[in-house]
Amino acid sequence: MAIPREAKEYELGEAKYYLVVVLSGMIWQCFFLGELGVVFSASSLVSGIVIAVLLPVTEILAVIFFAEKFQAEKGVSLALSLWGFVSYFYGEIQDKKRKKNPTPETQLLQTPNL
């Protein structure tokens, strides 16, 4: 059995090992429940955006709190995730501007009701 062996070898003690395992499971359940809420409230696209934004956030937090090395792979992943996030919202802003002020080519011809 791997879990009892890992619990005995855990540096902070066996009780804290089980506490970490249970709390990790609860946090993941809350995360996925929240993601389902986003899917039902907004859309699966917004849910994907939230997950894409959380990826670089977890990398940055790991560097800050766990003193992990910030290697080139993390930098590239962070840059691409943020680029995609900013590009999506830039496109949304441009799309809303186009819908607010349509050009003559995009306006539908309105015929008078006879």
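Higher on the page you've got the structure.
Everything numeric here is computed off the predicted structure, so don't read it as measured data.

Engineer: Looking at this structure, I do not really get the pattern of salt bridges. What am I missing?
Structural biologist: For side chains of opposite charge, pairing can occur when their charged atoms come near one another. Under the counting rule described, the total for this entry stands at three salt bridges. Two residues, Asp 95 and Lys 99, come together in a salt bridge whose shortest N-O distance is 3.8 Å. In this pair, Asp 95 and Lys 99 both sit in helix α4 (residues 72-100), four residues apart, roughly one turn of the helix. Judged by relative accessible area, Asp 95 falls into the partly exposed class, the value being 28%. Put simply, Asp 95, Arg 98 and Lys 99 are held in one network by salt bridges that share partners.

Engineer: Could you clarify how one ought to interpret the environment of Phe 89 in this entry?
Structural biologist: Tracing the backbone through its elements, the reader meets Phe 89 in helix α4. Each C-alpha atom of the pair Phe 89 and Ile 49 lies 10.0 Å from the other, and the pair is 40 residues apart in sequence.

Engineer: Would you mind showing me how to read α4 here?
Structural biologist: A turn of α-helix holds 3.6 residues, and therefore any two residues three or four places apart point the same way. With 29 residues, α4 should reach 42 Å at 1.5 Å per residue; the first-to-last C-alpha distance of 42 Å fits that figure. Within the span of α4, buried status applies to Lys 74, Leu 78 and Ser 81. Among the structural elements, α3 (44-66) are those in contact with the buried residues of α4.

Engineer: Even after reading the chapter, I still don't get the packing of aromatic side chains, so can you show me in this structure?
Structural biologist: Given two aromatic rings, one states the distance between the centres and the angle between the planes to describe the pair. Inspection of the entire model under this criterion finds seven aromatic pairs. Centroid distance Tyr 17 to Tyr 18: 5.6 Å. Interplanar angle 75°. Geometry classified as edge-to-face. The buried category is assigned to Tyr 17, whose relative accessible area is 10%. Exposure remark for Tyr 18: the relative accessible area of 33% places this residue in the partly exposed category. Between Tyr 88 and Phe 89, the ring centres sit 5.2 Å apart and the planes meet at 75°, which makes this aromatic pair edge-to-face. Taken together, the aromatic side chains of Tyr 10, Tyr 17 and Tyr 18 make up a single cluster linked through ring pairs.

Engineer: Quick question: what am I supposed to make of the packing of helix α1 (residues 2-9) against helix α2 (residues 14-41) here?
Structural biologist: To characterise two packed helices, one gives the angle between the axes of the helices and the distance between these axes. For the pair α1 and α2, the least separation of the axes is 7 Å and the interaxial angle reads 125°. The angle between α1 and α2 places the two elements in the oblique class. The chirality of how α1 crosses α2 is right-handed. The segment α1 lies against α2, with Ile 3, Pro 4, Glu 6, Ala 7 and Lys 8 engaging Glu 14, Tyr 17 and Tyr 18.

Thresholds, definitions, all that
Residues numbered from 1 in each chain as written. Predicted model: local features only at pLDDT ≥ 70, side-chain atom pairs only at ≥ 80, totals over all residues. Heavy atoms only, no water. Salt bridge = Lys/Arg side-chain N within 4 Å of Asp/Glu carboxyl O. Helix = DSSP H or I, 4+ residues; strand = E, 2+ residues; numbered from the N terminus. Buried < 20%, exposed > 50% of the residue type's maximum accessible area, 1.4 Å probe, protein only. Expected span 1.5 Å × (residues − 1). Contact = heavy atoms within 4.5 Å. Phe/Tyr/Trp six-rings, centres within 6.5 Å; stacked < 30°, edge-to-face > 60°. Axes fitted to C-alpha atoms, helices over the stretch in contact; angles between N-to-C directions. Parallel < 35°, antiparallel > 145°, perpendicular 65-115°, else oblique. Left-handed = near helix turned anticlockwise from the far one by under 90°.

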